[in-house]
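Fold and geometry: a report
This is what each chain is made of:
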Amino acid sequence: MNKPRFSEETILSVAKTTLENARAHQAGLADFGITTQLLDEFESNIQVAEALPDETANRIDLRGFTREKESALDTCFQWGRKLRTRLQLTFGNASSQANAFPSKQFNAAAGSESKMMPVMEILISLATQHQTELAAVGQTPEILAEGSALLESLRQTDQAQELKKDAKRSATQERYQKFQVIYDAVNRINRVGRLVFENDPVKRALFESKWPAAKAPADPGETAGQNPQ
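Residues numbered from 1 in each chain as written. Predicted model: local features only at pLDDT ≥ 70, side-chain atom pairs only at ≥ 80, totals over all residues. Heavy atoms only, no water.

1. Considerations on the overall build of the protein
Within the protein one finds ten helices and zero strands. Tracing the protein from N to C terminus, the helices and strands come up as α-α-α-α-α-α-α-α-α-α. Counting over 229 residues, the protein shows a buried share of 38%. Partitioning the contacts of the protein with sequence separation of at least 6, the portion at a separation of at least 24 is 72%. (Helix = DSSP H or I, 4+ residues; strand = E, 2+ residues; numbered from the N terminus. Buried < 20%, exposed > 50% of the residue type's maximum accessible area, 1.4 Å probe, protein only. Contact = heavy atoms within 4.5 Å.)

Set out below in structure tokens:
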């Protein structure tokens, strides 16, 4: 669903005014289906919409997950750099053991968790294979175990971020849908009000469109010359 035509603040403000006017003149609107039950539902939708987390809150939430993932990614990268140095110190820069380190893929993975995860599997395999020799340059069993723990942490933070992205998309669509329902209800009530009170200028004015004029869409259900919405 597309983003509503007006801001959420505008829709809520206009909706509350429309609800108040409709409550005050509900008897006259009833002939066209604007019942007390419909207005109760309209009010409930307004209250639910107000309680929904806004886009800013969702973005801040997602940024927190992104920072955690970036931190896990950087920690994996630093662990890999140390392993590369230990392989070179132990076996020599031109050795087959040092050359087995996938430097090109590793460097390319510095900013990508999807690339880093398979690379880390290779690095952990290399570290395990040469653990005896690497112990002489400071690779303890704890450091080796840390590599597996870092990979698992990266997987978990990546999954958490993806789940949050999905949740954010769902929440955004739910919010758009709810505000669209409110927007449509406002237009329906005001259209009925203008029709019912077309011969009463004072009451009819209550149901004139209150959307910002520059953006207010034409209402195909009304004839030319009448006010939209």
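Here the narrative resumes, following the displayed structure.
2. Notes on the pattern of salt bridges
Going through the model one piece at a time under the given rule, you end up with ten salt bridges. The partner of arginine 23 in a salt bridge is glutamate 43, and the shortest N-O contact between them spans 2.7 Å. With arginine 23 in helix H1 (residues 8-24) and glutamate 43 in helix H3 (residues 36-51), this residue pair connects regions lying 20 residues apart in the sequence. A relative accessible area of 31% places arginine 23 in the partly exposed class. Ionic pairing is found between aspartate 166 and arginine 169, a salt bridge with its closest N-O pair at 2.3 Å. Of the two residues, aspartate 166 and arginine 169 are both situated in helix H9 (residues 141-196); the distance of three residues between them amounts to about one turn of the helix. (Salt bridge = Lys/Arg side-chain N within 4 Å of Asp/Glu carboxyl O.)

3. Describing the confidence of the model for the protein
When pLDDT is averaged across the protein, the result is 89; 89% of the residues are at 70 or more. Confidence drops under pLDDT 50 across residues 223-228; counting only partners more than four residues distant or on other chains, this segment forms ten contacts. (pLDDT = per-residue confidence, 0-100.)

4. A word on helix H7 (residues 113-129)
With 17 residues, H7 ought to run about 24 Å at 1.5 Å a step, and its terminal C-alpha atoms sit 24 Å apart, in line with that. Among the residues of H7, Glu113, Met116, Met117, Val119, Met120, Leu123, Ile124, Leu126 and Ala127 are the ones counted as buried. (Expected span 1.5 Å × (residues − 1).)

5. Some words on the nonpolar core
Counting 24 residues, the largest nonpolar core has Trp79, Leu83, Met116, Met120 and Leu123 as the members making the most contacts within it. Elements represented by at least two residues in this core include exactly helix H4 (55-91), H7 and H9. Counting residues per element, this core draws most heavily on H7, at eight residues. Beyond its immediate stretch of four places on either side in the chain, methionine 120 contacts Cys76, Trp79, Gly147, Leu150 and Leu151. (Core = buried A, V, L, I, M, F, W, Y, C linked by side-chain atoms within 4.5 Å.)

6. Comments concerning the packing of aromatic side chains
The final tally for this structure, using the stated rule, is six aromatic pairs. Considering the side-chain rings of phenylalanine 6 and tryptophan 211, the 5.0 Å spacing of their centres and the 5 degrees angle between planes classify their relative orientation as stacked. Placement of the pair is phenylalanine 6 in the segment before H1 and tryptophan 211 in the segment after helix H10 (201-206), with a sequence separation of 205 residues. Here phenylalanine 6 falls in the buried class, since its relative accessible area comes to 6%. Ring geometry for phenylalanine 101 against phenylalanine 106: centres 5.2 Å apart, planes inclined by 75 degrees, an arrangement best described as edge-to-face. Residue class for phenylalanine 101 comes out buried when judged on its relative accessible area of 4%. Since its relative accessible area comes to 0%, phenylalanine 106 is described here as buried. Members of the aromatic cluster, joined through ring pairs, are Phe6, Tyr183 and Trp211. (Phe/Tyr/Trp six-rings, centres within 6.5 Å; stacked < 30°, edge-to-face > 60°.)

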